Every structure is written in structure tokens, then in C-alpha cells.
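Descriptive structure summary
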There are 2 protein chains.
Amino acid sequence: MKNKQIVLAKRPRGVVEEDDFRIVETEVPALADGQVLTRVHYLSLDPYMRGRMEESKSYAAPQALGEVMIGGTVAEVIESKNARFSPGDFVVGMAGWQQYQVSDGAGLRKIDVSVIPPSAYLGSVGMPGVTAWYGLTQIGRPQSGETVVVTAAAGAVGSVVGQLAKLRGCRAVGVAGGKAKCQLVMDEFGFDACVDYKSESFKDDFRAATPKGVDVVFENVGGAVFDASLARMNAFGRIALCGVIAGYSGQSIAMQNVRSLLVNRVLLQGFIVAEHMEFWPQALAELSQRVAAKRIRYRETVAQGLENAPRAFIGLLEGKNVGKQLVKLV
Amino acid sequence: MKNKQIVLAKRPRGVVEEDDFRIVETEVPALADGQVLTRVHYLSLDPYMRGRMEESKSYAAPQALGEVMIGGTVAEVIESKNARFSPGDFVVGMAGWQQYQVSDGAGLRKIDVSVIPPSAYLGSVGMPGVTAWYGLTQIGRPQSGETVVVTAAAGAVGSVVGQLAKLRGCRAVGVAGGKAKCQLVMDEFGFDACVDYKSESFKDDFRAATPKGVDVVFENVGGAVFDASLARMNAFGRIALCGVIAGYSGQSIAMQNVRSLLVNRVLLQGFIVAEHMEFWPQALAELSQRVAAKRIRYRETVAQGLENAPRAFIGLLEGKNVGKQLVKLV
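As the structure is a prediction and not an experimental result, all values here were calculated from the model.

**Considerations on the overall build of chain A**
- Of regular secondary structure, chain A possesses nine helices and 16 strands.
- For chain A, the C-alpha radius of gyration of 20 Å lies close to 20 Å, the compact-globule estimate for 330 residues.
- Dimensions of chain A along its principal axes, counting C-alpha atoms only, are 60 × 45 × 35 Å.
- Looking at chain A as a whole, 57% of its 330 residues are labelled buried.

**Describing empty space enclosed by the protein**
- Applying the stated criterion across every chain, the model contains two cavities of 30 Å³ or more.
- As a volume, the largest cavity reaches approximately 70 Å³.
- Around the largest cavity sit F226, L230, M255, V258 and L261 of chain A together with F226, L230, M255, V258, L261 and L268 of chain B, which together line it.
- Elements that contribute at least two residues to the lining of the largest cavity include exactly α6 (224-231) of chain A together with α6 (223-231) of chain B.

**A word on the relation of the copies chain B and chain A**
- With an RMSD of 0.0 Å, chain B superimposes on chain A once it is rotated by 180 degrees and translated 0.0 Å along the axis. Here the symmetry operator amounts to a two-fold rotation axis. Considering only C-alpha atoms, the part of chain B nearest the rotation axis is A254 of chain B, at 2.1 Å.
- Same-surface contact between copies: 100% of interface residues of chain B are shared with the interface of chain A.

**Here's the deal with the pattern of salt bridges**
- Applying the stated criterion across every chain yields a total of 30 salt bridges over all chains.
- The partner of D19 of chain A in a salt bridge is K10 of chain A, and the shortest N-O contact between them spans 3.4 Å.
- Residue classification places K10 of chain A among the partly exposed residues on the basis of a relative accessible area of 38%.
- Across the pair E54 of chain B and R50 of chain B runs a salt bridge whose closest N-O atoms are separated by 2.8 Å.
- In this structure, a network of salt bridges that share partners links the residues K10, D19 and D20 of chain A.

**Regarding the packing of helix α2 (residues 127-140) of chain B against helix α3 (residues 156-167) of chain B**
Residues and elements named next belong to chain B.
- Where α2 meets α3, the closest approach of the two axes is 8 Å, and the angle between their N-to-C directions is 45 degrees. Classified by the interaxial angle, the pair formed by α2 and α3 is oblique. For the element pair α2 and α3, the recorded crossing hand is right-handed. Residues P128, G129, T131, A132, W133 and L136 of α2 pack against A156, V157, V160, V161, L164 and A165 of α3.
- Across the contact of α2 with α3, the residue classes break down as ten nonpolar, two polar and no charged.

**A closer look at the interface of chain B and chain A**
- Contacts between the two partners involve 34 residues from chain B, matched on the other side by 34 residues from chain A.
- In this structure, the connection of chain B to chain A is made through two salt bridges.
- When the shortest N-O distance is used, the salt bridge between R265 of chain B and E275 of chain A registers 2.2 Å.
- Run the count over chain B and chain A and you get nine residue pairs in polar contact (both at pLDDT 80 or more).
- Elements supplying a minimum of two residues to the side of chain B that touches chain A: β12 (233-241), β13 (253-255), α7 (259-263) and β14 (267-270) of chain B.
- Across three bridges, the pairing between strand β14 (residues 267-270) of chain A and β14 of chain B is antiparallel. Bridged to L268 of chain A within β14 of chain B is L268 of chain B.

**Quick look at the packing of aromatic side chains**
Residues and elements named next belong to chain A.
- Evaluated as defined, the whole model comprises 16 aromatic pairs over all chains.
- On the numbers, 5.9 Å between centres and 70 degrees between planes, the contact of W97 with F313 is edge-to-face. With a gap of 216 residues between them, W97 in the loop between β5 (90-93) and β6 (100-103) and F313 in helix α9 (residues 309-317) connect regions that are remote in the sequence. Accessibility assignment for this pair places W97 and F313 in one class, buried.
- Summarising the aromatic geometry, the rings of W133 and F279 are spaced 6.3 Å apart at their centres and angled 45 degrees between planes, so their arrangement reads as tilted. Of the two residues, W133 sits in helix α2 (residues 127-140) while F279 sits in the loop between β14 and α8 (280-292), which places them 146 residues apart along the sequence.
- W133 gets classed as buried once you look at its relative accessible area, which sits at 2%.
- Among the aromatic residues, those joined into a ring-pair cluster are W133, Y134, F218, F271 and F279.
- When the ring centre of F236 is taken as origin, the NZ or CZ atom of R265, which lies over that ring, is 4.6 Å away.

**Concerning α2 of chain B**
Residue and element names in this part refer to chain B.
- The end-to-end C-alpha distance of α2 is 18 Å, a good match for the 20 Å that 14 residues give at a rise of 1.5 Å each.
- For α2, the buried fraction is high: twelve of the 14 residues fall into the buried class.
- Taken together, the buried positions of α2 are P128, G129, V130, T131, A132, W133, Y134, G135, L136, T137, I139 and G140.

**Some points on the sheet that holds strand β8 (residues 147-151) of chain B**
- Taken in spatial order, the twelve strands of this open sheet run β10(A)-β9(A)-β8(A)-β11(A)-β12(A)-β14(A)-β14(B)-β12(B)-β11(B)-β8(B)-β9(B)-β10(B), and their pairing is mixed. Of all the strands in the sheet, just β10 (193-196) of chain A together with β10 (193-196) of chain B have a single pairing partner and so form its edges. Neighbour to neighbour, the strand axes of the sheet diverge by 15 degrees on average, direction disregarded.
- Pairing between strand β9 (residues 171-176) of chain A and β10 of chain A: four bridges, direction parallel. For G174 of chain A, the partnering residue across the bridge sits in β10 of chain A and is C194 of chain A.

**Here's the deal with the side chain of D215 of chain A**
Residue and element names in this part refer to chain A.
- Its place among the elements puts D215 in strand β11 (residues 214-219).
- Although D215 is buried, it forms no salt bridge, and the closest oppositely charged side chain is R238 at an N-O distance of 5.2 Å.
- Within polar-contact distance, the side chain of D215 engages the backbone nitrogen of T147 at 2.9 Å.
- Leave out the neighbours within four places in its chain, and D215 touches E146, T147, M233, N234, G237 and R238.

**Describing the environment of N264 of chain B**
Residues and elements named next belong to chain B.
- Within the secondary structure, N264 sits in the loop between α7 and β14.
- N264 sits 30 residues away from N234 along the chain, and the two C-alpha atoms are 6.2 Å apart.
- Within the structure, the side chain of N264 is placed 3.3 Å from the backbone oxygen of M233, a separation counted as a polar contact.

**Considerations on the nonpolar core**
- Of all hydrophobic cores here, the largest spans 50 residues; its most connected members are I239 and L261 of chain A together with I239 and L261 of chain B.
- With residues near it in sequence (within four places) discarded, L261 of chain A still touches L230, I239 and V266 of chain A together with L241, L268 and G270 of chain B.

**Here's the deal with the side chain of T137 of chain B**
Residue and element names in this part refer to chain B.
- Tracing the backbone through its elements, the reader meets T137 in helix α2.
- Here the side chain of T137 touches W133 through a polar contact of 2.8 Å, landing on its backbone oxygen.
- There is a polar contact of 3.1 Å between the side chain of T137 and the side chain of Q138.

**Regarding the packing of α2 of chain B against helix α8 (residues 280-292) of chain B**
Residue and element names in this part refer to chain B.
- Remark: α2 packs on α8, axes separated minimally by 9 Å, with the N-to-C direction vectors making an angle of 105 degrees. When the axis of α2 is compared with that of α8, the two are roughly perpendicular. Listed contacts from α8 to M127, G129, V130 and W133 of α2 are W280, Q282, A283, L284, E286 and L287.
- Classifying every residue of the contact of α2 with α8 by side-chain character gives seven nonpolar, two polar and one charged.

Conventions we followed
Position numbers for residues start from 1 in each chain and track the written sequence from start to end. By the order in which they are written, chains take letters starting at A while ligands take numbers starting at 1. Only residues with pLDDT of 70 or above have their local features reported here, since the model is predicted, and side-chain atom pairs are shown and tallied only from 80 upward, although totals for entire chains, interfaces and linings are computed over all residues. The side-chain quantities take in all heavy atoms of the structure and omit both hydrogens and water. By the criteria applied, helices consist of DSSP H or I runs no shorter than four residues and strands consist of E runs no shorter than two, each listed in order from the N terminus. Based on C-alpha atoms, the radius of gyration is set beside the globule rule, defined as 2.2 Å times the residue count to the power 0.38. Think of it in three bands: residues with accessible area under 20% of the maximum for their type are buried, residues over 50% are exposed, and the middle band is partly exposed, with areas taken using a 1.4 Å probe on protein chains only. Points on a 1 Å grid, built from protein atoms alone, make a cavity when a 1.4 Å probe fits but cannot get out and make a pocket when they are open with protein on both sides within 12 Å along at least 5 of 7 lines; residues with an atom within 4 Å of a point are the lining residues. Grid points are joined across faces, edges and corners, and a volume is the space filled by probe spheres set on the points. Least squares is the method for superposing the copies, and the C-alpha atoms it fits come from residues with pLDDT of at least 70 in both. Only heavy atoms matter for contacts: two residues are in contact if any of them lie within 4.5 Å across the pair. In what follows, salt bridge is the name for a side-chain nitrogen of Lys or Arg lying within 4 Å of a carboxyl oxygen of Asp or Glu. Angles here are taken between N-to-C directions and fall from 0 to 180 degrees, while the axes themselves are lines fitted to C-alpha atoms, restricted in helices to the stretch in contact. Any angle that falls under 35 degrees is termed roughly parallel, while one over 145 is termed roughly antiparallel, one within 65 to 115 roughly perpendicular, and all others oblique. Crossings are assigned a handedness: left-handed for a near helix turned anticlockwise from the far helix by less than a right angle, right-handed for a clockwise turn. Polarity classes work like this: nonpolar for Ala, Val, Leu, Ile, Met, Phe, Trp, Tyr, Cys and Pro, charged for Asp, Glu, Lys and Arg, and polar for all others, with Gly in that last group. Whenever a nitrogen or oxygen atom comes within 3.5 Å of another N or O atom, the pair is scored as a polar contact, on the condition that within protein one atom can donate a hydrogen and the other can accept it, and that pairs from neighbouring residues in sequence are kept only if both atoms are in side chains. Each pair of strands is called paired provided DSSP finds at least two bridges between the two strands. A pair of Phe, Tyr and Trp rings is counted when the ring centres sit within 6.5 Å of each other, with Trp represented by its six-membered ring. The angle between the planes then sorts it: under 30 degrees is stacked, over 60 is edge-to-face, the rest tilted. Lysine and arginine charges are scored as sitting over a ring when NZ or CZ, respectively, is within 6 Å of the ring centre and within 35 degrees of the ring normal. In this scheme, a helix's expected span is set at 1.5 Å multiplied by one less than its residue total. Only four residue types enter the charge count, namely Lys and Arg as positive and Asp and Glu as negative; His and the chain termini do not. Take the buried residues of types Ala, Val, Leu, Ile, Met, Phe, Trp, Tyr and Cys, join any two whose side-chain atoms come within 4.5 Å, and each joined set is a nonpolar core.

The following block contains the structure:
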């Protein structure tokens, strides 16, 4: 049986391009005892992958050249020599950008797809959802009545942050690119306001959307929008620093409001949700309950076919997706 | 009796100038019951005063125009109708930029000048010392063997930070302006290394001085030097953000390493020591013991006469002082 895979062909110079990737075809090996063969249904595309493509020091080892691109997946067990798994089981894992994976089952977690659809386990009820939950509740610690600002608010993480903030009695203010995304953030995800960072009136709009200043920032983007948030911080504000897309391509960022961190005695904490596994059960319990009850809604942008993963990933970095960016393989 | 005072004449536009201040002369009023008259011996000049000169939102109300500039002082009681104070007592207070103060004694703390000289109560055994102690021990939380970077290392706060770090078994790396200051930081204050930020080879020198990266940053300056520290942060680094002199005059700062805050899961906390009064007794106990035992050394730059306070303050902002900047009035 043939297995199509996408490997990292070379490291990007600045902007990611399609020929940084290469598609290869390998044979699926026969199963040894204890192993399980899964077929990937959905591949998750996430901004952190951009960091892995760099050779420079990061929180994880860089993605090796010539190896299958890493990534979260939902897959179906199609053959098993492992007592824990049976054909037909759905599992979340890290199979990466490929059609099939043979593993010893160590990184696989069985999921119940009877109430919540499989793809949601890569979004609101998966790593992005837990990221939102952890950063908001453990770093942001919002109090009822406070103002929570979320960048990339239409994205997989941001949309959950705002909905969790609303459920805690906060004013949720999103920042997103373009009118359509902002409308979605307000209408579908229930934010109180959403500001278009592409608009010429962004600074004024942002000020108008945060009449009582900003208590909590959940930062997914960095750059000029982050700087604007700093200018609106209230005393003792908290910043959960989750992503810095704006800095990925190496450009320097002109910051005017670094002083606000001092003046307002701000706490800023960079974090990676994978280092806080002890919170996952609590987070997933709330998230799955809220999603099942439709108190947390989500959107997905789904590319079709493995060969379209590079293009979809580049689109994600450019903000072309709405909600969770997935690639559907089956 | 005449009292010379310096008042804020106008708010600075960018760089502080001498004519932002004005000297005035008033009559010292007669004492009412419960009041005490003090004569200022030493006036403390501190970077935070620059922030107070602005009208913009800050952690404290702006310094009012036409009123005596605020500032910490060591003064001698020369007349008292308050049972707590007798002529000859030395007190630390906030008399501001003037020769005499009449007060009800509420803000005055008696000090023992028999072992530690009066001026030290404005430096190592005063607000700057406690600032160093709080930021290092409560935010930086350095472990033995870690590398602690301190900017403005020859200053009143920075010099204490490095010495406290050394006493805790850390590698103390200072950043200061000019060879002479760097030599002082190493020879007099015992830092392991000190890097001259004015040198063309600053980035290389900084890298060489931090061979194991940076675990704790005590930041007094901001700007390009802060950015350089970010580039060297180790995972789970801590940044005590104490001062941002570099941003005071409104220029924007080109930051290249904001992403490091995320990649290294850095904790950054802005703080103002006056909001943590509960730590002062513990901090002053260690500081006064260390200073008396000469385990913490200090330097002072002393301007003579109240009328020279504005020039000395401008020099402080330009980094012309070494150690604690004082004005001696008596």
C-alpha cells in the first residue's frame, strides 16, 4: 500500500513558499506485534509549525529536513496488532502530513465521535481549545466585568478565548483582518466588538471598542496590533502571549508602548500548552461540555487532499482561513 | 526664614531641559501643634521622576505644574512640636526639591546614622536598594549558577542587583555606558562581567559575557539593550521590568526579539516597589546588614546645592552619574 507524505524540502527564507515542501510516496510497512495502522482523516494546520521550520533556537527541536512535516491528526484505525485499538476506532495523534501512519499507539488518544464530530478534536476540543482555556484562565485570570482583547479572533484559538471570556462575564473584544471576519466574530462567536486591523481607522476603532481600557490580552499575532493593546492596558493587566505570527519572517517590530508594561505593572507570560498537560483534563471537560451544548461555536476552513496542505498552510500564515484550518484527506 | 524650592515650570517636550524647572523662594511657616520642621541634607534624584513630569497616564498622578518637584530626602529635624521627633533626629521622607519642610511627621521615618551614613538611606538602604531586592528576589527568583543580567549596572539600583545576585551564587553580568563605568561595575561591585552598550561590538560582547544564555533580566533601561537581552534568554527566563528610560522621550523602539518572550516562555513583570510595602522590612534588614558588613558597596554622585538639581537630573537621564545621584543641600 502506498503512503503519500509531505516532507520539509528546505527552510524558508522569510515568507514560506510551496516549494519549501516536497511530496513523496513510500510503502506502508507490515505491522509488527503491538503496532497499529491508522488512516488520517483530518490534518491540523497551526501557526506553531512555522516556528518548527526554522533552524534557530526555539522551544522544540526544528523540523528535520527531508522528514514528514509534523502535525496533529484525527485518524481511523484500519488494522491493529495492539490490544488497545480496534479497526473503526478514531484517534487523535501526531501522524503529521501523510495519509497513513504505523505506530506503537503511544501517542494516540481514542475519541468519541458520536456527539462531537472528529474534526473538532483538532480545534475547540483539541489543542487550540486547550490553548485558549489555559492562557485565558491560568494567565489572564479574567474577572467578571473586565475587558479581554483577543487577536486572531476568528481563528481556532481566538474564537474560543472570546467565548470563554463571555461565559465568565467579561467584555470580549476581538481583533481580526477584514470586515467579514469581524462580522463573524461578533455574530457567530458572540464577541461584544471586533476591530479590523486592516482598517485605516484601526487605532480609533480599537480605542472605541475598549472604553474601559484592557485588562487581559490574549496575544496570537504580535507586531503593531500588540503594540496597540499595550497602549490601552489598565493597571495590573495580564498578557497571555500565545503566538507572534508577526515576527516569524524576521522583520523587526517598531514598538512604541513597551513602557506601558512598566507603567501598568503588567504581567506577561509566554506559554506553550503542551507544557501544561496537568490542565488538559479540566480544560477538555469544560470545552467538550460547552461545544456539545453549543455554548462554544466554531468554524472550520477545510482544504481537500494532502497535496493542498502547503498552500493551505501558507494561507493560514496570511490569515486567509476562518476558524480552524484543516486538511481533509479522506 | 526663607525656603528655596524648585517647582515644575512646564512639561518637557522630549528631552528634559533646565528651563522646565523654576526656582522660587517662600517663607517657612510657623509650626502648629503636632508639626515638625526639617532641613533637607540630601535630595535623591531618580529616573521615575521623568515619568511624573508627563501629563500622560502613568502609575502615579503627574507632578502638578508650579508645585515643588517630588523627591525622596534625608533631613534633620530642627524644630518639633511633635512628640515623635526631637531636634537632631535624622529622617527619611519625601520633602521634594526644597531646603525646608513643615509636616505632621506622617511620611517621616527615623534613621540611625551612627553606622550607616545618612545618604545611604536614599540608595542601597533605601528605595533603590529595596527596588533591587524586590525585583531580583520576588520576580527574578534566581537560582545559584544562573546568569543574571542587569542594565544600568553602575546605577543605584543596578549595582545592588548585581551584588545581591553574586551573594546568591549567580553569574552577574552588567550593562553600562562606557569603559570606566564597566570597570567600576566589575572592580568595585564585583560583577563577573560588564558590557559597554556604547561599544560597536556590543552584541558580540554581550554574547561572550553570557555563554550559558540569560536566566534573569533586571531591566532598568529598555530599548536596544533590552532587545539584546531578549535574544539571549533561556527557556523559562524571568524579566523584572523596573525602568524604561529609553522610551521616556517618546521615540519608538525597534524590537527584533519579541518572539523570544514566547519561544522561551518568559515571564515579564513590571513593578513599582512602593506597591509592595510588605517586603520593605525584610529587604531593609538584608540590605542594612550587607551594607554595614561592606558586602554591598555603593558609589554616589553628589551635586552641590539645590540650584544644581535640574542639571544633575538631566545628567542622570543621560547616564552621566555613577551610582546614586544625590544633591547635597547642607
